[in-house]
Amino acid sequence: MTTPPLRQRQHLPLRPLWICRTGAAPWPCAPARLHLWHEYAHDRVSLAIYLSTVLHEAAADLYRLKPNPGPDPADLFARFLGWTRRHPT
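Here the structure is a predicted model, which is why all the values come from computation and not from measurement.

A. Focus on the environment of Thr53. Structurally, Thr53 is set in helix H3 (residues 44-65). By relative accessible area, Thr53 is classed as partly exposed at 41%. A C-alpha to C-alpha distance of 9.7 Å links Thr53 and Phe80, two positions 27 residues apart in sequence.

B. Here's a closer look at a nonpolar patch on the surface. Nonpolar side chains collect at one region of the surface, where Leu14, Leu17 and Leu65 lie side by side and expose about 240 Å² of accessible area between them. If you trace the backbone, Leu17 turns up in the loop between strand S1 (13-14) and strand S2 (19-20).

C. Structural detail: unusual backbone geometry. With an omega dihedral of 5 degrees, the bond running from Trp27 to Pro28 counts as a cis peptide bond. Secondary-structure assignment places Pro28 in the loop between S2 and helix H2 (30-39). The omega torsion across Asn68 and Pro69 is 15 degrees, close enough to zero to call that bond cis. You can see Pro69 is positioned in the loop between H3 and helix H4 (73-80). Even without a glycine there, the phi angle at Trp18 is positive, about 60 degrees. Here Trp18 shows up in the loop between S1 and S2. Here the phi dihedral of Ala24 falls at roughly 65 degrees; this positive angle occurs in a residue that is not glycine. With respect to the helices and strands, Ala24 occurs in the loop between S2 and H2.

D. Highlighting H2. Turning to H2, its buried residues number three or more, namely Ala32, Arg33, Leu36 and Trp37. Projected down its long axis, H2 carries its buried residues within an arc of 135 degrees, all on one side. With respect to the buried face of H2, the exposed residues turned more than 90 degrees away are His38 and Glu39. Tucked inside the fold, the buried residues of H2 contact H3 and H4.

E. Main features of the packing of aromatic side chains. Scanning the model with the defined rule gives five aromatic pairs in all. Between Trp18 and Phe80 the ring centres are 6.0 Å apart and the planes differ by 75 degrees, which places this aromatic pair in the edge-to-face class. Residue Trp18 is located in the loop between S1 and S2, and its partner Phe80 is located in helix H4; the two are separated by 62 residues in the primary sequence. Considered together, Trp18 and Phe80 belong to a single accessibility category, that of buried residues. On the basis of an interplanar angle of 15 degrees and a centroid distance of 6.1 Å, the ring pair of Tyr40 and Tyr50 is categorised as stacked. Of this pair, Tyr40 sits in the loop between H2 and H3 while Tyr50 sits in helix H3, and the two are 10 residues apart along the sequence. Tyr50 gets classed as partly exposed once you look at its relative accessible area, which sits at 33%. Clustering of aromatic rings is evident, with ring pairs tying together Trp18, Trp27 and Phe80. Positioned above the aromatic ring of Trp37, the side-chain terminus of Arg44 is 3.6 Å from the ring centre.

Reading guide: rules and limits
- Residues numbered from 1 in each chain as written.
- Predicted model: local features only at pLDDT ≥ 70, side-chain atom pairs only at ≥ 80, totals over all residues.
- Heavy atoms only, no water.
- Helix = DSSP H or I, 4+ residues; strand = E, 2+ residues; numbered from the N terminus.
- Buried < 20%, exposed > 50% of the residue type's maximum accessible area, 1.4 Å probe, protein only.
- Patch = residues over 30% accessible without salt bridge, like charges linked within 9 Å, V, L, I, M, F, W, Y side chains within 5 Å.
- Areas by Shrake-Rupley, 256 points an atom, 1.4 Å probe, with all protein chains shown as cover.
- Salt bridge = Lys/Arg side-chain N within 4 Å of Asp/Glu carboxyl O.
- Arc of directions from axis to C-beta.
- Contact = heavy atoms within 4.5 Å.
- Phe/Tyr/Trp six-rings, centres within 6.5 Å; stacked < 30°, edge-to-face > 60°.
- Lys NZ or Arg CZ within 6 Å of the ring centre and 35° of its normal.

Next comes the structure, spelled out in structure tokens:
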């Protein structure tokens, strides 16, 4: 049995739903958080900037999918940025 290429094993977002392509959990899922945590190990500010941009894109996509009542801003913040101040779960 061969190991799938790295790109196929990564936990990437499926847009516009913003779920993990690998496990269908809300993205960033736990494996994606861990990967991002390690990728940005020496530059946490850049991690926060990247995730702020992604949060903005996700909010727009999710609002287009379900405008009423729309995504909850506090939930989106916790999901995309809230975990960055501590080790990822």
